[in-house]
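# Working through the structure, step by step
Residues per chain are reported as follows:
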Amino acid sequence: MESITFGLFFLGAIFFAYRAIVSKRILSATIYLACISALVSAVLYRLGAAEVAVMELSVVAGLVNVLLVYAVSVVGDDAFDPPSVVPKPLAFVIVGLIVVLLGWTAFPAVSVYFERGSTTLAVALWQSRVLDVWIQIALIFSGVMGVLGLLSEKTPGKTEEFQP
Amino acid sequence: MAGILVVLVILLPWVGALAVWLAQNRQPKLQHTLAVIFSVLAALASILLLGDATSDPVIQISLGSAFGELTFVPDGLAVSLTAIATVIGSLAVIFSMEYMRGDEQLGRYYFLVLFFIGAMTGLVLSGNLLFTFFFWEITALCSYGLISFYNDDPKAVAGGIKALIITQVGGVGLLAGTLVAFTALGSFQISDLLANSSALPAASLAFIAFSFLIAAAAKSAQFPFHSWLPDAMEAPSPVSALIHAATMVNAGIYLLARFYPAFEFVPGWRTSVLLVGAISALIASLSALVATDLKRVLAYSTVSQLGYMVYAIGSGSVLASQYHLLNHAFFKALLFLAAGSVIHSVGTRDMRRMGGLRGKMPFVRNVFIIGALALAGVPILNGFWSKELILEVSLENSPLWIHVLMLAGVGLTAFYTFRMIWLVFFGQERDALHYHPAGSPMKFSLAILAVGTFTTWLLFGGLSELLASTLPYHDIEVASTAELVTALLSAPATWFTLVIVAVGFAICWVRARGYRLFGGGWLTPLVESSFGFESLNQWIVRGVSTSAERLRATQTGELNWNIFGIFGGLLLVLIILWLGVK
Amino acid sequence: MTFTPMNIVLLGVIALLGVGFYGLLVTRNLIKVVMVLQILIKGAITALVLAGKLSGNLGLGQSTAATVIVADTIVAVVGLALAVQVRRRFGTLDVPKISTLRG
């Protein structure tokens, strides 16, 4: 029963992911992305990681999606879908090979079950991995600085067309 | 104490390089001063190190199981070469104070020269083969940078690239030998290779021996890799003196000398070394007979003298080769710097346009003649003693026909040396050339080198004792200078050689009187194609360039293809893992 | 070959990663690249949580996943700001046209 639930969730996620990649309009891709987020969040919840599921839903499906929509609105959603640079069959082949090999080698990994002490998220995050928290704070700072710096750059006069 | 000196000797030039770069080209006087100070300090440190030579490693830093230990071993071979490199380096830097005055890219020049000096000392002091390779590559890089220093001149750039590619072929040989030694021995330490060489499987040892021979031949411009050195004369003269006469090209000789005990019993190796040395000495002497560019003659003579050193190692005497290396470094550096003064003065390198300069540059003329006589092997000057020692050793240990060829080489050396002196300084003035006398930095370096040319032969006793006491695997006999003098002067072979030198001078004198010193007839076309080997070297250089151009197509700069490349790598890793799991 | 639920999750993660790889190879639009990165990150955090669950150390798995989410959000934010600037400066978001590091 569990397997089927997981299986359905993942099938949905993969379907939506594929649709997001091949869609011509970016706005529809953002909607697909939100659906993927929801499904993955459900998977995470069923795995037992409730807090991370909530983070995934609120941050990725919420914040990042809204940002994507904002960026698209600023940039303008011109529906262009040029043919890809790498030929599609070649891309399929190499990704297929990677997936098959990875699946084949990693398959037995799930049967390696070793009992370590189980910690709750609270203990893990604030005590043993407290350095991670500091790094996250530093990351957020630098990200904010970066965005402020980037968005405050004035365009030089008119928009210069790039001459390739 | 030795440990600190070793660190100083390697790091002082590097710190100096950094300091010169930081001083920036707007303050040339500061750059000159800093370069001189740091190189002289390094020279002092290396002279102090001479007293502390030992065969034990003085610095040992463990680098984990992959790279072994980083050790520096200041034994006799290393400290003598270090002293030569830093002393002649500092003299070349002092000479550059005037030679490179007014140059706009002084920072780059001094940086490369100082970086090179530090790398050369690191090369000879290193006790870990991997680090020897590392320093080897740094010296190749600096050599390329300095040959192509005048990078607006396409000839200089072409010369630099040719030198780089051919010495890199040697570098590949060194690396291959190092890796095979590592797989056979489990260690990168030179002392391990020397101690356990007989325990290695014969095929591995032979591979290592011959790949090191290729590395040495490529670096020291020996046959069949000899054609890069004459083309490297586009470099500024202090660079030619330092790198292509006194230090970098000695790295190949160092390699052969260092590993001689390990390889001497590999079948065919000693004969190959003998032949490589002899052929180089001969071809280069022949080529010098017809060259018209002053520095090219000196380049050919360097190849020839290095051939004598290689030949000495092939004959079994590391001591003779190191002694000749010491003397050669001094008189060759003297010759290059003096030639540099002449060229700086009159503005041309073509000997056909010089002539009759003897009255106008008396000081340079005198030191040049001193250096040239040392090169030819005239008694009292240092070249005579070491050359005689080599010929003495070869008479005992080598087949007679090769010995005769080397004797012929001595005669040819005398001939082209006399030709060079005559064409530059004597005879009639062939072209109206502007000249100006050498300034004091130039004169200072030249004077010290000239004094050295008169006196370094006296160091034989000290050198043999230094080498014998600190090189446990080599079989070096200790002999004092007095013993050397008496042995050489009493051997009839010595007088025979002197006769040959005199004959060489005489033939040249006769031809000079008849103004028949130009035009080699049948010899010139042979020389210009480097006896057929230019095509080999051109083939290597062209092959590398075209394959580099073709591989450029893979650097598309397009994101999707770059990601494809990443995935290709990932696929490779996964395949390897999958094969390992099975 | 038993297909326990954990096996399914593992295969699902690998499939998600595969779709993400395909997307990176095929996309030509800079904003879509940011989106595909998001898909990849979802696969990554699921893998981390899965590893935490399998080793019994779910708290550690979750905290690492949380760190990854924060980092990935920053990447997305800065990437989008870059995309906006690129559009202003080059006039296009087509990745091959704005690649100037060539040769």
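Residues numbered from 1 in each chain as written. Chains lettered and ligands numbered in written order. Predicted model: local features only at pLDDT ≥ 70, side-chain atom pairs only at ≥ 80, totals over all residues.

Attention now goes to the overall build of chain B. Check the secondary structure of chain B and you find 25 helices and two strands. Rg of the C-alpha trace for chain B: 24 Å, near the compact-globule value of 25 Å for 582 residues, within the 12% margin. For chain B, restricting intrachain contacts to residue pairs at least 6 apart in sequence, the fraction spanning at least 24 positions comes to 81%. (Helix = DSSP H or I, 4+ residues; strand = E, 2+ residues; numbered from the N terminus. Rg over C-alpha atoms; globule rule 2.2 N^0.38 Å. Contact = placed C-beta atoms within 7 Å.)

For chain C, the helix and strand inventory stands at four helices and zero strands. Each helix (α) and strand (β) of chain C, taken in turn from the N terminus, gives the series α-α-α-α. Taken over C-alpha atoms, the radius of gyration comes to 17 Å for chain C, far larger than the 13 Å a tight globule of 103 residues would show. Projected onto the principal axes, the alpha-carbon positions of chain C cover approximately 50 × 30 × 20 Å. In chain C, the share of contacts with a sequence separation of at least 24, taken over all contacts with a separation of at least 6, comes to 50%.

The relative placement of two packed helices is expressed as an angle between their axes plus a distance between the axes. Residue and element names in this part refer to chain B. Where helix 13 (residues 269-290) contacts helix 18 (residues 400-425), the axes come no closer than 9 Å and their chain directions differ by 30°. Between helix 13 and helix 18, the crossing angle belongs to the class labelled roughly parallel. Where helix 13 crosses over helix 18, the handedness of that crossing is left-handed. Taking contact as the criterion, the partners of Leu-274, Ala-278, Ala-281, Leu-282, Ser-285, Leu-286, Ala-288 and Leu-289 in helix 13 are, on helix 18, Ile-402, Leu-405, Met-406, Gly-409, Leu-412, Thr-413, Phe-415 and Tyr-416. Split into classes, the residues belonging to the contact of helix 13 with helix 18 amount to 13 nonpolar, three polar and no charged. (Axes fitted to C-alpha atoms, helices over the stretch in contact; angles between N-to-C directions. Parallel < 35°, antiparallel > 145°, perpendicular 65-115°, else oblique. Left-handed = near helix turned anticlockwise from the far one by under 90°. Nonpolar A, V, L, I, M, F, W, Y, C, P; charged D, E, K, R; others polar.)

The next point concerns the interface of chain A and chain C. Listed by partner, the interface residues are 78 residues for chain A and 71 residues for chain C. Mapped by element, the contributors of at least two residues to the side of chain A that touches chain C are helix 1 (2-22), helix 2 (26-47), helix 3 (50-75), helix 4 (88-106), helix 5 (121-128) and helix 6 (130-151) of chain A. For the side of chain A that touches chain C, the element with the most residues is helix 3 of chain A, which contributes 14 residues. Grouping the constituent residues of the side of chain A that touches chain C by class yields 54 nonpolar, 13 polar and eleven charged.

Below, the discussion takes up helix 14 (residues 294-315) of chain B. All names here are of chain B. Look at helix 14: 32 Å from first C-alpha to last across 22 residues, which is about the 32 Å you get at 1.5 Å a residue. With 22 of its 22 residues buried, helix 14 lies for the most part within the structure. Following helix 14 by one or two positions, Gly-316 adopts a phi angle in the positive range, close to 110°. (Expected span 1.5 Å × (residues − 1). Buried ≥ 20, exposed ≤ 12 C-beta atoms within 10 Å, placed from the backbone.)

The next subject is the interface of chain A and chain B. Facing ten residues of chain A, the contacting portion of chain B comprises twelve residues. Here the side of chain A that touches chain B is built from residues that sort into eight nonpolar, two polar and no charged.

This next bit is on unusual backbone geometry. Residues and elements named next belong to chain B. With an omega dihedral of -5°, the bond running from Phe-223 to Pro-224 counts as a cis peptide bond. Mapped onto the elements of the fold, Pro-224 is located in the loop between helix 9 (202-219) and helix 10 (228-231). Positive phi, normally seen in glycine, also occurs at Ala-221, with a value near 55°. Within the fold, Ala-221 resides in the loop between helix 9 and helix 10. Overall, Ala-221 belongs to the buried group, with 29 C-beta atoms counted inside 10 Å. Backbone geometry places Ile-380, a non-glycine residue, at a positive phi of 80°.

The next point concerns the environment of Val-52 of chain A. Secondary-structure assignment places Val-52 of chain A in helix 3. Among the residues examined, Val-52 of chain A registers 28 C-beta atoms within 10 Å and is labelled buried. Sequence separation of Val-52 of chain A and Ser-41 of chain A is eleven residues, and the distance between their C-alpha atoms is 7.9 Å. Filtering out sequence-adjacent residues up to four positions away, Val-52 of chain A remains in contact with Leu-44 of chain A together with Ile-45, Val-49, Gln-62, Ala-65 and Ala-66 of chain C.

Bringing the nonpolar core into the picture now. With 202 residues, the main nonpolar core has Val-113, Ala-333 and Leu-334 of chain B as its most contacted residues. Those residues within four positions of Ala-333 of chain B in sequence are excluded, and the remaining contacts are Ile-88, Leu-91, Ala-241, Ala-245, Ala-246 and Leu-449 of chain B. Counting 76 residues, the second-largest nonpolar core is a separate cluster that includes Leu-39 of chain A together with Val-13, Ile-31 and Ile-45 of chain C. (Core = buried A, V, L, I, M, F, W, Y, C linked by C-beta atoms within 7 Å.)

This brings us to helix 17 (residues 382-397) of chain B. Compared with an ideal rise of 1.5 Å per residue, which puts 16 residues at 22 Å, helix 17 of chain B spans 23 Å between its outermost C-alpha atoms and is within 8% of the ideal. Asn-382, Gly-383, Phe-384, Trp-385, Ser-386, Lys-387, Glu-388, Leu-389, Ile-390, Leu-391, Glu-392 and Ser-394 of chain B are the residues of helix 17 of chain B that are buried.

On to the environment of Val-276 of chain B. Counting through the fold element by element, Val-276 of chain B comes out in helix 13. Between the C-alpha atoms of Val-276 of chain B and Pro-362 of chain B, which are 86 residues apart in sequence, the distance is 39 Å.

Next up on the list: the confidence of the model for chain C. Per-chain confidence: chain C averages 88 in pLDDT, with 95% of residues scoring 70 or above. Scored as a complex, the prediction yields pTM 0.75 and ipTM 0.89. (pLDDT = per-residue confidence, 0-100.)

Contact pair helix 1 of chain A / helix 1 (residues 5-26) of chain C: the axes reach a minimum separation of 9 Å and the direction vectors enclose 5°. Viewed along their axes, helix 1 of chain A and helix 1 of chain C adopt a mutual orientation that is roughly parallel. On helix 1 of chain C, the residues that touch Glu-2, Ser-3, Phe-6, Gly-7, Phe-10, Ala-13, Ile-14, Ala-17, Tyr-18 and Ile-21 of chain A of helix 1 of chain A are Pro-5, Ile-8, Val-9, Gly-12, Ala-15, Leu-16, Val-19, Tyr-22, Gly-23 and Val-26 of chain C. When the residues that make up the contact of helix 1 of chain A with helix 1 of chain C are grouped by side-chain class, the tally is 15 nonpolar, four polar and one charged.

Turning our eyes to something else, we now look at the environment of Val-54 of chain A. Residue and element names in this part refer to chain A. Relative to the assigned elements, Val-54 resides in helix 3. A residue is classified by how many C-beta atoms lie within 10 Å of it, and Val-54, with 13 of them, is partly exposed. When the C-alpha atoms of Val-54 and Ala-38 are compared, they prove to be 9.8 Å apart, with 16 residues separating the residues in sequence.

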